[in-house]
Amino acid sequence: NAEADLAGRHVVVSAGGTREPLDPVRYLGNRSSGKQGYALARTAAARGARVTLVSANAALPDPAGVDVVHVGTAVQLREAVLKAAADADAVVMAAAVADFRPSAYAPGKIKKRDDKADPTITLVRNPDILAELSADRARPGQVVVGFAAETDDVLANGRTKLERKGCDLLVVNEVGERKTFGSEENEAVVLGADGSETPVPYGPKEALADVVWDLVGARLR
Ligand code: PMT
């Protein structure tokens, strides 16, 4: 996309997967590499936007010309995204955010003790950042985009999720142990709150990113 159609816009993108610590050496995490979110950040910058990328545990180099904020947990990601969203025209939540975190953090490494019962992990709910962003828009007309990582009934689950979260657009992609996570390509359907459906064929994550910015740009104009 040669034209700088996002010039003068500030966009916020989250990427990667949150890690929820159990003790100083262990965490609950997920398989997100951050590649889809970084592709969104790079393409937005190439189209002239000022970009804030909130990155959770992605082992990727900071993209040139992008403000990168590095975070670890879902609670930290929420803080950073809400702060950056205050003056943003659009927010795209591509990060895989943990829905739950361990209820307690053990300050020392949890030990295997043969005389004790196997330990159980109790989880508590994390804040739903996408639902919060959608419900309390930082400025009128701000466009909020979510992703849905689904393993089955992809479209039906996506439609339900779009309504529950209240965002303007939801990018529905299928995931598996080796599907989408970490790969260079993706395939998706972008659902609109207006009922629209935009299928994006299998291809580079940048191509999907450009379709997302086309749809965001149309809603900003
Ligand atoms: O990083 P890659 O390896 O390139 O893989 C890309 C991807 C699969 C991670 C990405 O394309 C993707 O689907 N990201 C969203 C993953 C996810 O958390 O999906 P979800 O269906 O669990 O969550 C739905 C939406 O709510 C997401 O926009 C998520 O950021 C947001 N969310 C979820 C939980 C929570 N507590 N707060 C949130 O804001």
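Residues numbered from 1 in each chain as written. Predicted model: local features only at pLDDT ≥ 70, side-chain atom pairs only at ≥ 80, totals over all residues.

- The protein carries the name Coenzyme A biosynthesis bifunctional protein CoaBC in an unreviewed UniProt entry, which gives Streptomyces indicus as its organism.

## Things to note about the overall build of the protein
Point 1. Along the protein, the regular secondary structure elements total 5 helices and 12 strands.
Point 2. Against the globule reference of 17 Å for 221 residues, the protein gives a C-alpha radius of gyration of 18 Å, in line with a compact fold.
Point 3. Along the first, second and third principal axes, the C-alpha atoms of the protein reach 65 × 35 × 35 Å.
Point 4. Here the protein holds 221 residues, and the buried ones make up 41% of them.
Point 5. Partitioning the contacts of the protein with sequence separation of at least 6, the portion at a separation of at least 24 is 62%. (Helix = DSSP H or I, 4+ residues; strand = E, 2+ residues; numbered from the N terminus. Rg over C-alpha atoms; globule rule 2.2 N^0.38 Å. Buried ≥ 20, exposed ≤ 12 C-beta atoms within 10 Å, placed from the backbone. Contact = placed C-beta atoms within 7 Å.)

## What about the site of the ligand?
Point 1. Residues in close proximity to the ligand total 25 residues, the closest being Ser-33, Lys-35, Ile-129, Leu-130 and Phe-147.
Point 2. Secondary-structure elements contributing two or more residues to the shell around the ligand are α1 (35-46), α3 (129-135) and β9 (143-150).
Point 3. Among the elements that make up the shell around the ligand, the one with the highest residue count is β9 (4 residues).
Point 4. Across the shell around the ligand, the residue classes break down as 13 nonpolar, 9 polar and 3 charged. (Near = placed C-beta within 6 Å. Nonpolar A, V, L, I, M, F, W, Y, C, P; charged D, E, K, R; others polar.)

## Here's the deal with the packing of α1 against helix α5 (residues 205-220)
Point 1. In contact at an axis separation of 8 Å, α1 and α5 are set at 55° when each is read in the N-to-C sense. Taken together, α1 and α5 sit at an angle that is classed as oblique. Both α1 and α5 take part in a crossing whose hand is right-handed. On α5, the residues that touch Lys-35, Gln-36, Ala-39, Leu-40, Thr-43 and Ala-44 of α1 are Lys-205, Glu-206, Ala-209, Asp-210, Val-212 and Trp-213.
Point 2. Of the residues assigned to the contact of α1 with α5, the class counts are 6 nonpolar, 2 polar and 4 charged. (Axes fitted to C-alpha atoms, helices over the stretch in contact; angles between N-to-C directions. Parallel < 35°, antiparallel > 145°, perpendicular 65-115°, else oblique. Left-handed = near helix turned anticlockwise from the far one by under 90°.)

## As for the sheet that holds strand β1 (residues 10-16)
Point 1. The mixed open sheet is built from 8 strands, whose spatial order is β5-β4-β1-β6-β9-β10-β11-β12. Unpaired on one side and paired on the other, β5 (67-71) and β12 (197-204) mark the two borders of the sheet. When strand polarity is set aside, the average angle formed by the axes of neighbouring strands in this sheet is 15°.
Point 2. In the sheet, β9 pairs with strand β10 (residues 169-174) via 6 bridges, with the strands oriented parallel. From the neighbouring strand, Phe-147 faces β10, where its bridge partner is Val-171.
Point 3. Running at roughly 175° to strand β4 (residues 50-56), helix α2 (residues 74-85) makes contact with β1, β4, β5 and β6 (90-93) of the sheet.
Point 4. Seen against the sheet, α5 touches β6, β9, β10, β11 (185-192) and β12 and runs at an angle of roughly 150° to β12. (Pairing = 2+ DSSP bridges.)

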